[in-house]
Amino acid sequence: MLAAGAWIAGRLELYTPGSDPGYYMGLVGSILMALLLLYPLRKRLRILQRAGELRHWFKLHMFLGITGPVLVIYHSTMKVSSLNAAVAFYSMLVVAGSGIIGRFIYTKIHHGLYGRQATLRERQEHLGLSGESVKSKFHFAPRIEQRLRSLEAYATDRTRTGLFGLRRFVSLAVRVRYVYWRSMREVRQILSNAAATRAWEPQERAHRIRVARRMLKGYMRELHEVAQFHTYERLFSLWHVLHVPFVFMLVFSAIIHVIYVHMY
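Residues numbered from 1 in each chain as written. Predicted model: local features only at pLDDT ≥ 70, side-chain atom pairs only at ≥ 80, totals over all residues. Heavy atoms only, no water.

Enquirer: Outline the overall build of the protein, listing residues and values.
Expert: Across its full length, the protein holds 9 helices and 0 strands. When its helices and strands are written in sequence order, the protein yields α-α-α-α-α-α-α-α-α. Counting across all 264 residues of the protein, residues that qualify as buried make up 34%. Long-range contacts, defined here as pairs at least 24 residues apart, represent 70% of the contacts in the protein between residues at least 6 apart. (Helix = DSSP H or I, 4+ residues; strand = E, 2+ residues; numbered from the N terminus. Buried < 20%, exposed > 50% of the residue type's maximum accessible area, 1.4 Å probe, protein only. Contact = heavy atoms within 4.5 Å.)

Enquirer: Run through the packing of aromatic side chains, naming residues and quoting values.
Expert: Tallying each qualifying case throughout the model produces 1 aromatic pair. In this structure, Arg208 is placed above the aromatic ring of Trp200, and the distance from its NZ or CZ to the ring centre is 4.2 Å. (Phe/Tyr/Trp six-rings, centres within 6.5 Å; stacked < 30°, edge-to-face > 60°. Lys NZ or Arg CZ within 6 Å of the ring centre and 35° of its normal.)

Enquirer: Explain helix α7 (residues 142-155) residue by residue, including any values.
Expert: Between its first and last C-alpha atoms α7 spans 20 Å; for 14 residues at 1.5 Å apiece the expected length is 20 Å, and the two agree. Along α7, the positions that sit buried rather than exposed are Ile144, Glu145, Arg147, Leu148, Leu151, Tyr154 and Ala155. (Expected span 1.5 Å × (residues − 1).)

Enquirer: An account of the pattern of salt bridges is needed here, citing residue identities and associated values.
Expert: Enumeration over the complete set of coordinates arrives at 3 salt bridges. The shortest N-O distance in the salt bridge between Glu186 and Arg143 comes to 3.3 Å. On the criterion of sequence distance, the pair formed by Glu186 in helix α8 (residues 166-198) and Arg143 in helix α7 is long-range, its members being 43 residues apart. When its relative accessible area of 9% is taken as the criterion, Glu186 is described as buried. One salt bridge in this structure joins Glu204 and Arg208, with 2.7 Å as the shortest N-O distance. Remark: Arg208 and Glu204 occur in helix α9 (residues 202-263); sequence separation between them is 4 residues, near one turn of the helix. (Salt bridge = Lys/Arg side-chain N within 4 Å of Asp/Glu carboxyl O.)

Enquirer: Help me get a handle on the environment of Ala51, residues and values and all.
Expert: With respect to the element layout, Ala51 can be found in the loop between α3 (38-44) and α4 (54-76). Non-local contacts of Ala51, meaning those with residues more than four positions away in its chain, are made with Arg42 and Trp57.

Enquirer: How would you explain helix α2 (residues 20-34) if you had to name every residue and give the values?
Expert: Here α2 spans 21 Å end to end across 15 residues, near enough to the 21 Å set by a 1.5 Å rise per residue. Gly22, Met25, Gly26, Gly29, Leu32 and Met33 are the residues of α2 that are buried. All buried residues of α2 fall inside an arc of 130° around its axis, so they share one side. (Arc of directions from axis to C-beta.)

Rendered as structure tokens:
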């Protein structure tokens, strides 16, 4: 939608990149993108270590990383008339796009592996699937117990990594959904039989099914996230290696573009 607005503004000739509105949008957008460098400086320079919490700097970094490119897109009216302008414009798009991807990956790892593992252990203890537990919540369904233990063994097997763990990433998601579907199908059948034998009220049967569903979903979600953590971690490392050169390329091409515009 934002790109469409810039394209329409250019086609209707509401302004040009060299007019006052276009020029100042490009200027402000460039300044905002230059301010993006404050975030990595905040992490590395000792003098800035006490200048506010890092999470607030990160939020500002994300805001600038969206607002600056949007203003530059409107400045350009989706037209590039020179080589240096094209390099600067497409470098900006690559950096902005990779920043959005990096933000998504970061949300998957910023809590840390140990926190996720602790949550998973809590789920295991609650279900009675940990080694210390005498009886699990699913002792009435041995096949479900075995299915969950097999799923955990597969999820925590570090020999099945593939390329950056992507094979496990995809296959585990499929397995989790399949195991959940099979297990809930069996739970419904077992509880329905128990309800008929023990003359439960319909509300009692429905309540027990909801409890089983909630426990299974919580356990599988934590197991899934722990297993995928290492994949996201590897992807984030790769992203960082690619993102930084693009940032330098953007800075260099933007400087050349500004010099060229003001000289000619």
